[in-house]
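Take a look at the letters that make up each chain.
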Amino acid sequence: SLQIFKASFDNASRLLEAPGPVYTDGSRQRRPVTASGGDGLQVLAWEDSDNSGYRIVYSLRRPANGTQFERKLLSSSASSHLGSLAAAVGTGGKICMLWERWNQGASAPDLMLARLDSLGNPLGSQISVATAASGGGRLASVAIGPEGNLMAAWRQGNSAGENAKIMARVYSSTGSVVRNQIEISRDTLEYIGSVSGPEVAVSDSTGNFLVLWREFYSDRNLLYYRLYDADGDSLPLPGGQWRTRLG
């Protein structure tokens, strides 16, 4: 079996909690992700599998009192592989999670989104962010703004020669779509170059979103960013360019 271990450190990198397994039930635990909020809420999520199928599970913890809630089930399937996870915690402990759902025979995954309250209870139904039929959603990232709007960004395109680009959507605090299908980067032919998965961050004061990604070519490795307001509208960048290169 595969196990996920955890350890905690203070802001000076001093060990506070020695490494140890999270759960020891014999299942295969992979692809852990963590997220934390300003009130100390911590989220740990991972893919869990055994002979009965695949599951996305998670646990919540508040370091102030050391309480770790029981393990909770987010999604399960007897046949669909559940891959690559992302998680974020917003104001008031609201949680969102993104994960890939690979159906049998599919060339790309569906990208799914779940919204939870601070106790891990679902806030509405799970949302299909991107479908395999539309190019799928891989290597996703998510961030929640101070007013509850969230941006989910992902890499679309996964086969050699297929156009690859970074896409995003913005959802309101109630889960409704605020901005649909934002094209963050432009098409990159994968036999010429490729793009990484995105990283999304948010300003706690303005609610503006920052999206970072890399473009890879045979002789170059370039890092770019774009800025968006809380509703997903593109913000001006230096020199009036549609994207800005770092480094």
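Owing to the predicted nature of the structure, the values given are computational and were not obtained by experimental measurement.

Parameters at a glance
Residues numbered from 1 in each chain as written. Predicted model: local features only at pLDDT ≥ 70, side-chain atom pairs only at ≥ 80, totals over all residues. Heavy atoms only, no water. Salt bridge = Lys/Arg side-chain N within 4 Å of Asp/Glu carboxyl O. Helix = DSSP H or I, 4+ residues; strand = E, 2+ residues; numbered from the N terminus. Buried < 20%, exposed > 50% of the residue type's maximum accessible area, 1.4 Å probe, protein only. Phe/Tyr/Trp six-rings, centres within 6.5 Å; stacked < 30°, edge-to-face > 60°. Lys NZ or Arg CZ within 6 Å of the ring centre and 35° of its normal. Core = buried A, V, L, I, M, F, W, Y, C linked by side-chain atoms within 4.5 Å. Polar contact = N/O pair within 3.5 Å; in protein donor to acceptor, adjacent residues only side chain to side chain. Contact = heavy atoms within 4.5 Å.

(A) Layout of the pattern of salt bridges. This model, assessed by the stated rule, comprises ten salt bridges. R30 serves as the salt-bridge partner of E47, at 2.7 Å between the closest nitrogen and oxygen. Here R30 lies in strand β3 (residues 28-36) and E47 lies in strand β4 (residues 42-50), a separation of 17 residues in the sequence. Judged by relative accessible area, R30 falls into the partly exposed class, the value being 30%. Of the charged contacts, one joins R55 and D48 as a salt bridge, the two residues approaching to 2.7 Å between their closest N and O atoms. In the salt-bridge network here, residues are joined through shared partners; they are R30, R31 and E47.

(B) The packing of aromatic side chains, seen in detail. One pass over the full model with this rule turns up one aromatic pair. Taking NZ or CZ as reference, R243 lies 3.8 Å from the ring centre of Y224, over its face.

(C) Local environment of the nonpolar core. Ranked by size, the top nonpolar core spans 19 residues in total, and within it Y58, L74, I95, M97 and W99 carry the most contacts. Put simply, the parts of the chain that give this core at least two residues each are β3, β4, β5 (53-62), β8 (81-89), β9 (95-102) and β10 (110-116). In terms of residues, this core owes the most to one element, β8, which gives four residues.

(D) Just the side chain of Q29, in detail. Looking at the element boundaries, Q29 is found in strand β3. Here I4 takes part through its backbone nitrogen, which lies 2.9 Å from a polar atom of the side chain of Q29. Every residue in contact with Q29, bar those within four places of it in the chain, is listed here: L2, Q3, I4, Y23, W46, E47, D48 and R71.

(E) A look at unusual backbone geometry. Positive phi outside glycine occurs at S13, with the angle close to 65 degrees. Among the secondary structure elements, S13 is positioned in the loop between β1 (5-9) and β2 (15-21). Of note, R31 is a non-glycine position whose phi angle comes to about 55 degrees, a positive value. Within the secondary structure, R31 is located in strand β3.

Just distances and angles here, no functional claims.
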